[in-house]
Amino acid sequence: TTLFRSNPRLASIYLIAAVILGICLFFIMQRASGYFRDAFHKYDDLNSEVQENISGIRVVKAYVREEHENTRFKKASGALYSLFLKAEKVLSFNSPLMQGTVYTCILLISWLGAKMIVQNSMTTGELMSMLTYCTNILTSLMMLSMVFIMISMSAASAKRIVEVRSTRRLPYPTAVLLRP
């Protein structure tokens, strides 16, 4: 509100930047959340591979199927890796987007503010305070965007935990592991 009282024309740059950042951040979070949700389901495939190998280790060794089992494990872990890689690629757009917005706002405020100073409609001190507000506000928005990204990742994790906790467990075949 202080910004809009001092200079509404320059303060509108903040408003436009915040709206653009909000929209872009929403799309980034939505896309990354989908990848994380799928990745947590791929953990099931990886866990079932590991559990099968542990419970049937004697069969694997007896029939010399280690290479086949290694290939299956690599396939399951590769699928999980590629999903996390896609999610991280989407999330990597956040930082350049935020930095670009911050520097664009600083350039616009400096350029428009310099014109206003030449026209005697603004003082140098007011311009400096606008630039300080710009860096403080947009840096805070950048930190907030990181929080939102962490929330999207943790929301996908929380949903998966609820799914796993609500499924009925099958008894684990401990007898296979305990035999000499």
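Model, not experiment: these values are computed from the prediction. (Residues numbered from 1 in each chain as written. Predicted model: local features only at pLDDT ≥ 70, side-chain atom pairs only at ≥ 80, totals over all residues. Heavy atoms only, no water.)

### Quick word on the environment of Ser95
Relative to the helices and strands, Ser95 resides in helix 5 (residues 94-118). By relative accessible area, which is 33% here, Ser95 ends up partly exposed. Linking Ser95 and Met146, residues 51 residues apart in sequence, is a C-alpha distance of 8.8 Å. (Helix = DSSP H or I, 4+ residues; strand = E, 2+ residues; numbered from the N terminus. Buried < 20%, exposed > 50% of the residue type's maximum accessible area, 1.4 Å probe, protein only.)

### Considering the nonpolar core
One finds Leu10 and Ile109 to be the most contacted residues of the largest nonpolar core, which totals 19 residues. Counting residues per element, the ones that place at least two in this core are helix 2 (8-55), helix 5 and helix 6 (124-166). In this structure Ile109 touches Leu10, Ile13, Tyr14, Ala114, Leu127, Met130, Leu131 and Cys134, once residues within four positions along its chain are discounted. Counting 17 residues, the second largest nonpolar core, distinct from the first, contains Met29, Leu46, Leu80 and Leu91. (Core = buried A, V, L, I, M, F, W, Y, C linked by side-chain atoms within 4.5 Å. Contact = heavy atoms within 4.5 Å.)

### Structural notes on the side chain of Thr101
Inspection of the secondary structure assignment puts Thr101 in helix 5. When its relative accessible area of 13% is taken as the criterion, Thr101 is described as buried.

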